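Next come the chains, spelled out residue by residue.
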Amino acid sequence: MRFGFVKVAAAVPAVKVADCKFNAQQTEKQIVIADGKGIQIIVFPELNLTGYSCGDLFAQSLLLEQAELALMQIVNNTRQLDIISIVGMPVVVNSTLMNCAVVFQKGKILGIVPKTYLPNYKEFYEKRWFTSAVAHPDSMNVRLCGQVVPMGTNLLFDTPDVCFGIELCEDVWAPVPPSSALALKALARLSNYHYYEHQQVHKLLSFGKKSLHHLEFQCQPYLFFVH
């Protein structure tokens, strides 16, 4: 963080439908460039590792396996970088397929956020391939790329500079989007944080107003909308 700002990049890499190897190369390239520019968090489009318009190819195990191998390659090749990356890919959970955002940093997958509201109108028919997040518990652990990873719509990701949550595309237009629960969860965390600091008021007084403002900023929730 510099002057109270976190540098976040929205990446739009070249994508070839169902060509996970090519998409992984393009994604990795963007991550390396962003890290070199001091970007702290980079966000990629929905299903960028496979392409959004794979259609019934989403039912093919080969595509799903290639997507996981693509993620493994990116995670491994960027393990020396400090940047947090958020990519989109299909993830198999208990024989169902989820449209997910995957968060990783320094070789570790930090969490997986599945899409809740699946569009099924006009040119959209995601329910043909994907299962909504409501079909699974709010939080669970799944295995991805050899790692046991937390998965759920209620995940908050804490860094030294910012706390953020994720929702995917259609989720943001729902009457009660996942971000509503995330905001309440982050607010509760912020309240608990302030209660603890109140108990240590003598320490806060020595910080001064400027430092106190910085402490509050660090706990503010941010939402990354993956489209």
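Below, the structure is looked at part by part. Just so you know, these numbers come straight off a predicted model, no measurement behind them.

**Section: the overall build of the chain**
A count of helices and strands for the chain gives five helices and ten strands. Taken over 227 residues, the chain has a buried fraction of 47%. Long-range pairs, those at least 24 residues apart, make up 67% of the contacts in the chain with a sequence separation of at least 6.

**Examining the pairing of strand β5 (residues 108–114)**
Burial of β5 is extensive: five of the seven residues sit out of reach of the surface. Two strands pair when backbone bridges link them, and strand β4 (residues 96–105) and β5 are joined in this way by six bridges, in the antiparallel orientation. The residue of β5 that forms the bridge with Val103 is Gly111. As consecutive antiparallel partners, β4 and β5 are separated by two residues, and within that stretch Lys106 has a phi angle of approximately 50°, a positive value.

**Observations concerning the environment of Asn141**
Here Asn141 shows up in strand β6 (residues 140–144). Judged by its relative accessible area of 56%, Asn141 is exposed. Considered as a pair, Asn141 and Ile112 are 29 residues apart in the sequence and their alpha carbons are 9.3 Å apart. Asn141 has contacts with Val148, Val149 and Pro150, leaving out every residue within four places of it along the chain.

**Re the nonpolar core**
Counting 43 residues, the largest nonpolar core has Leu71, Ile109 and Ile112 as its most contacted members. Elements supplying a minimum of two residues to this core: α1 (20–36), α2 (61–77), β3 (84–93), β4, β5, β6 and β7 (147–151). Leave out the neighbours within four places in its chain, and Leu71 touches Leu49, Val87, Met89, Val102, Phe104, Ile109, Leu144 and Cys145. Counting residues in hydrophobic clusters, the runner-up holds 13 residues, among them Ile41, Ile84, Ala101 and Leu168.

What counts as what
Residues numbered from 1 in each chain as written. Predicted model: local features only at pLDDT ≥ 70, side-chain atom pairs only at ≥ 80, totals over all residues. Heavy atoms only, no water. Helix = DSSP H or I, 4+ residues; strand = E, 2+ residues; numbered from the N terminus. Buried < 20%, exposed > 50% of the residue type's maximum accessible area, 1.4 Å probe, protein only. Contact = heavy atoms within 4.5 Å. Pairing = 2+ DSSP bridges. Core = buried A, V, L, I, M, F, W, Y, C linked by side-chain atoms within 4.5 Å.

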